[in-house]
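What the coordinates show
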Amino acid sequence: MKNEISTWTQHIQGVCGEFETRFDGQSSLFIGEVKAFLLGQTEIAFIKSNANFIERKPEILDRVKDRFCFLILQYTGKMLLNYRNETLFLSEGDVVLLDSEEHIMMYPQGLFSHISVHLSREKLLKENISSEYFGKLITQNMSGFLLKNILKNMSAENIQLWYANEDGNAFEDALIALIKPTINYKNLNQLNHLMEKAERYIIENLSKPELSPKLIAEHIGVSLRHLYRLFLQENLSINKYIQHKRLERIKTDLLDKKNKQSSITQLALKWGFWDGAHFSKIFKKTYGLSPKEFRETMLA
């Protein structure tokens, strides 16, 4: 596993600067891919992984520091991001602008993919886009909508098919032009903000059996009815969401050889289920195999 992770980490460091990676699962389950392209003077990277933790420390001196800032589209998957003493929850389609001089800590929630564009710090500062505006960008306005859709339509295939030398630095210039009005659109959509707070609270408290819609509603400061409505607007049941997240964590633990001596019941209790029998019934209904069968099949 160390060789696979270190190889991938070296690729990331060659493209994005000094980032460190940790993966806590079984070695054969690690996924790490990175493809990089140069559009004029602008680097763009397509990153995919199921790493558990990715970090860039602020004191790092490398080719990225002072030169680039990271414009990132969360293309697939979800992630918690600690940045400038704030915890951001990234869902598919979210866009963030990060300063390479800041402490960046990423906690992916399973498999994810990013599109990362390295924008010139000098160009951003010339447009008065300073680091105080960095973080999660608003994409509910016209400029943000266009910015997100440009990034969503980028792919290795499209670059190879369409990019020509005549395009020069037009890609970077277009992104910066769209970021400028976006950072001035300061009013967060309240619905999205509350949903993020609820999802973050759930993920941080999955191991607690007492986690309930009532506790979540109290934490984010809304009525229970409002909380249910938030999840219904996303076509989600809040109880099913909690259950799904717990099952994901237990699946990971079942595949980890470090937990070989842990019983099914112990793992179920660890992630908030009240008893092993109830958990096993839900697991089999969801995945078609009992937890024991799943573990034996996958580790065989």
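See the structure printed just above.
Basis of the calculations
- Residues numbered from 1 in each chain as written.
- Predicted model: local features only at pLDDT ≥ 70, side-chain atom pairs only at ≥ 80, totals over all residues.
- Heavy atoms only, no water.
- Pairing = 2+ DSSP bridges.
- Helix = DSSP H or I, 4+ residues; strand = E, 2+ residues; numbered from the N terminus.
- Contact = heavy atoms within 4.5 Å.
- Axes fitted to C-alpha atoms, helices over the stretch in contact; angles between N-to-C directions.
- Parallel < 35°, antiparallel > 145°, perpendicular 65-115°, else oblique.
- Left-handed = near helix turned anticlockwise from the far one by under 90°.
- Salt bridge = Lys/Arg side-chain N within 4 Å of Asp/Glu carboxyl O.
- Buried < 20%, exposed > 50% of the residue type's maximum accessible area, 1.4 Å probe, protein only.
- Phe/Tyr/Trp six-rings, centres within 6.5 Å; stacked < 30°, edge-to-face > 60°.
- Patch = residues over 30% accessible without salt bridge, like charges linked within 9 Å, V, L, I, M, F, W, Y side chains within 5 Å.
- Areas by Shrake-Rupley, 256 points an atom, 1.4 Å probe, with all protein chains shown as cover.

**Considering the sheet that holds strand E10 (residues 112–120)**
Pairing is antiparallel in the open sheet, where six strands are placed in the order E2-E3-E10-E5-E8-E11. Every other strand in the sheet has two partners, leaving strand E2 (32–39) and strand E11 (135–136) as the edge strands with one partner each. Across two bridges, the pairing between strand E8 (residues 95–99) and E11 is antiparallel. Following the sheet pairing, Val 96 is matched in E11 by Lys 136. In this fold helix H3 (residues 142–152) packs onto strand E5 (68–76), E8 and E10, with an angle of close to 75° to the strand it touches most, E5. Along the sheet, helix H5 (residues 170–183) makes contact with E2, strand E3 (42–49), E5, E8 and E10, crossing E10 at roughly 95°.

**What to know about the pairing of strand E7 (residues 86–90)**
Relative to E7, strand E6 (residues 79–83) is paired through five bridges, and the arrangement is antiparallel. Bridging across to E7, Leu 81 finds its partner in Leu 88. Count of turn residues in the E6/E7 antiparallel hairpin: two residues, of which Arg 84 carries a positive phi of about 55°.

**Side note on the sheet that holds strand E4 (residues 53–56)**
Here we have five strands laid out as an open sheet, ordered E1-E4-E9-E6-E7, and antiparallel in their pairing. The sheet is open, and its two edges are formed by strand E1 (20–22) and E7, each paired on a single side. Sheet twist, expressed as the average angle between the axes of neighbouring strands with direction ignored, equals 15°. As defined by bridge partners, E4 adjoins strand E9 (residues 104–108) across three bridges and the pair is classed as antiparallel. Of the residues in E9, the one forming a bridge with Glu 55 is Met 105.

**Here's the deal with the packing of helix H9 (residues 238–255) against helix H12 (residues 291–299)**
Between H9 and H12, the least distance of the axes is 9 Å, while the angle of their chain directions is 45°. In this view, H9 runs oblique relative to H12, as classed from their interaxial angle. In terms of crossing hand, the pair formed by H9 and H12 is right-handed. Between H9 and H12, the residues in contact are Lys 251, Leu 254 and Leu 255 and Pro 291, Phe 294, Arg 295, Met 298 and Leu 299, respectively.

**Comments concerning the pattern of salt bridges**
Taken as a whole and judged by the stated rule, the model has 15 salt bridges. Note that Arg 63 and Glu 43 form a salt bridge whose closest N and O atoms lie 3.1 Å from each other. Taken together, the positions of Arg 63 in the loop between E4 and E5 and Glu 43 in strand E3 put the pair 20 residues apart, joining distant regions of the chain. Among the ionic pairs, Asp 94 bridges to Lys 136, the shortest N-O distance being 3.3 Å. Of this pair, Asp 94 sits in the loop between E7 and E8 while Lys 136 sits in strand E11, placing them 42 residues apart in sequence. Look at Asp 94 and you get buried, because its relative accessible area is 17%. On the accessibility criterion, Lys 136 (22% relative accessible area) is partly exposed.

**Some points on the packing of aromatic side chains**
As enumerated under the stated definition, the model contains 10 aromatic pairs in all. For the pair Phe 53 and Tyr 107, a centre-to-centre distance of 4.9 Å together with 40° between the ring planes defines the contact as tilted. Of the two residues, Phe 53 sits in strand E4 while Tyr 107 sits in strand E9, which places them 54 residues apart along the sequence. Through a chain of ring-to-ring contacts, three or more aromatic side chains come together here, namely Phe 273, Phe 279, Phe 283, Tyr 287 and Phe 294.

**Thoughts on a nonpolar patch on the surface**
The grouping of Met 142, Phe 145 and Leu 146 at the surface amounts to a nonpolar patch, some 310 Å² of accessible area in total. Examined against the element boundaries, Phe 145 turns out to sit in helix H3.

**Overview of the environment of Ile 129**
Looking at the element boundaries, Ile 129 is found in the loop between helix H2 (121–126) and E11. Put simply, Ile 129 and Thr 87 are 42 residues apart on the chain and 21 Å apart in space, counted from C-alpha to C-alpha. Contact partners of Ile 129, with chain neighbours within four places excluded, come to Leu 97, Leu 124, Phe 134, Ile 176, Ile 179, Lys 180 and Ile 183.

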